[in-house]
Amino acid sequence: MPGPRVFVSRRIFPEVIQRLAQGCQVSMWEDPMPPPRAALLAQVADCDGLFATITERVDGELMAAAPRLRVVSNMAVGYDNVDVAEATRRGILVGNTPGVLTETTADLAFALLLAAARRVAEGDRAVRQGAWRTWDPMGWLGYDIHGATLGIVGLGRIGLEVAKRARGFGMHILYHSRQRRPEAEAQYNLTYCADLDTLLRQADFVTLHVPLNKETHYLVGAEQLRQMKPTAILVNTARGSVVDQRALYEALRDGVIAAAGLDVMEQEPVPLDDPLLTLPNCVVTPHIGSASVATRRRMAEMATDNLLAALGGQPMLSCVNPAVARY
Ligand code: NAP
Ligand code: GLV
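Description of the structure in this document. (Residues numbered from 1 in each chain as written. Chains lettered and ligands numbered in written order. Predicted model: local features only at pLDDT ≥ 70, side-chain atom pairs only at ≥ 80, totals over all residues. Heavy atoms only, no water.)

**Describing unusual backbone geometry**
To keep it simple, the criterion reads: Strands here are runs of E lasting at least two residues and helices are runs of H or I lasting at least four, both read from the DSSP assignment and numbered beginning at the N terminus.
Residue Pro-269 is bonded to the preceding Glu-268 through a cis peptide linkage, with omega at -5°. With respect to the secondary-structure elements, Pro-269 resides in the loop between strand E11 (259-262) and strand E12 (282-284). The backbone phi angle of Tyr-218 is positive, close to 55°, even though this residue is not glycine. Following the sequence through the fold, Tyr-218 ends up in the loop between strand E9 (205-208) and helix H10 (222-227). Positive phi, normally seen in glycine, also occurs at His-287, with a value near 50°. Inspection of the secondary structure puts His-287 in the loop between E12 and helix H12 (293-311).

**Thoughts on H12**
Filter applied, for reference: To estimate the expected span of a helix, subtract one from its residue number and multiply by 1.5 Å. Per-residue accessibility, obtained with a 1.4 Å probe over protein chains only, is compared with the maximum for each type, and a residue is labelled buried under 20%, exposed over 50%, and partly exposed between these values. By the convention used here, residues are in contact when the closest approach between their heavy atoms is within 4.5 Å.
With 19 residues, H12 should reach 27 Å at 1.5 Å per residue; the first-to-last C-alpha distance of 27 Å fits that figure. Regarding H12, the residues found buried are Thr-295, Met-299, Ala-300, Met-302, Ala-303, Thr-304, Asn-306, Leu-307, Ala-309, Ala-310 and Leu-311. Turning to H12, the residues buried within the fold contact strand E1 (5-8), helix H1 (14-23), strand E3 (49-52), strand E4 (71-74), strand E5 (93-95) and helix H5 (102-117). Trailing H12 by a residue or two, Gly-313 shows a phi angle of about 80°, which is positive.

**Points about the site of ligand 2**
Defined as follows: Only a single heavy atom is needed: when it lies within 4 Å of a molecule or strand, its residue is near that molecule or strand. Within 3.5 Å is the distance limit for a polar contact, defined as a pair of N or O atoms, with the added protein rule that one can donate a hydrogen and the other accept it, and that residues adjacent in sequence qualify only through two side-chain atoms.
Close to ligand 2 lie Ala-76, Val-77, Gly-78, Leu-101, Arg-239 and His-287, which account for all nearby residues. Contacts to ligand 2 include Gly-78, whose backbone N or O atom sits 2.8 Å from an oxygen atom. Within the side chain of Arg-239, one N or O atom sits 2.8 Å away from an oxygen atom of ligand 2.

**Section: the sheet that holds E3**
Applicable threshold: Between any two strands, pairing holds if DSSP finds at least two bridges. Between N-to-C directions, angles cover 0 to 180 degrees, with each direction set by a line fitted to C-alpha atoms, over the stretch in contact for helices.
The strand order across the open sheet built from 5 strands is E2-E1-E3-E4-E5, with neighbouring strands paired in parallel fashion. Edge positions in the open sheet fall to strand E2 (25-28) and E5, since each of these has one partner strand only. Adjacent strand axes in the sheet meet at a mean angle of 15°, parallel and antiparallel pairs treated alike. Two strands pair when backbone bridges link them, and E1 and E3 are joined in this way by 3 bridges, in the parallel orientation. In the strand pairing of E3, Phe-7 is matched with Leu-50. On top of the sheet, H1 reaches E1 and E2; it is set at about 145° to E2, its chief contact.

**Here we look at H5**
With 16 residues, H5 ought to run about 22 Å at 1.5 Å a step, and its terminal C-alpha atoms sit 23 Å apart, in line with that. With respect to burial, H5 is a largely interior element, 12 of its 16 residues being buried. Burial in H5 covers these residues: Thr-102, Thr-104, Thr-105, Ala-106, Leu-108, Ala-109, Phe-110, Leu-112, Leu-113, Ala-115, Ala-116 and Ala-117. Looking one or two residues beyond H5, the residue adopting positive phi is Arg-119, at roughly 55°.

**A short note on the site of ligand 1**
The criterion, for reference: The nonpolar class holds Ala, Val, Leu, Ile, Met, Phe, Trp, Tyr, Cys and Pro. Asp, Glu, Lys and Arg form the charged class, and all remaining residues, Gly among them, are polar.
Every one of the 26 residues lining ligand 1 counts as a neighbour, but Arg-157, Ile-158, Arg-178, Gln-179 and Asp-263 are closest to it. Interatomic distance of 2.9 Å between a backbone N/O atom of Gln-179 and an oxygen atom of ligand 1. Grouping the amino acids of the shell around ligand 1 by side-chain chemistry returns 8 nonpolar, 13 polar and 5 charged.

Shown next, in the form of structure tokens:
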């Protein structure tokens, strides 16, 4: 029996593809760049399942071009690239990969926090440019992490892992989420801020861990940046559009806040003429929060498990619109 047809939109681990191919007719996009839109629409035309990543926009147009589509399995925990309401309306199941990337992403958030505070990327650039002329008692001064106050916006899986790391650095920890987490507060000595502004006013470092949706779009804009301390540092490993990037540029340029560490941008890849890239006090990484060998393999495995389960009429490990399921 040939099995359901599946399109894998990006190159993934060969052993994972082999497992998928045991139950499905698989076609995989081999180019390192994502499929152009027309190619993507053509590829999904006769597919039952789509193995997608965050670079694919899975919207009504794509679903209309794929009349057989029953499952979209996103190799990411975030699924703002998928129109879940439209998928649900069409009876298409959507899966994601929470949990397996939590610690790796928290590590990267902390790396950006350290890099922005201690001017790591700026220092590296200076060394390579021959600007390290002496040990300077007043040179390359940054901000201490130990003893500082960290504000975590979105105390979910990743936010909590960042809190654990912050404890090891002797930080005081505030958090803001819509719901309180009393057990986590007690276990990790966290202080809840019911409103975001309180956190922004008190924190020396603010790190963002909310999903991107209508409510969190531009959660941090000019007004919020003005609430922050002039010595504060913003870290964003959530999604670019959680921050108004233009407002962030102006805040960094004008000293409204001190620095930023960004793994995600409103437009990815960030255009080389983006003004943020002209600022020494902004560290940017190319959306690599989950990019360790082991974690990317676990994500690919989980996305495959989700896809195979749903195509076989079984519950996914993680489904974002389980109401669709007809088990
Ligand atoms: P999660 O466990 O669902 O945590 C998200 C948290 O955000 C929840 O605890 C939620 O708590 C809170 N939240 C939601 N809406 C909020 C709002 N309007 N205001 C304040 N808090 C809000 O998700 P996760 O696994 O930690 O992942 C978080 C996000 O990180 C993902 O959605 C993804 O976009 C991003 N991410 C990026 C990378 C990367 O490579 N840079 C890697 C992995 C994930 P309440 O419901 O109590 O508000
Ligand atoms: C990556 O950005 C993810 O959401 O997994």
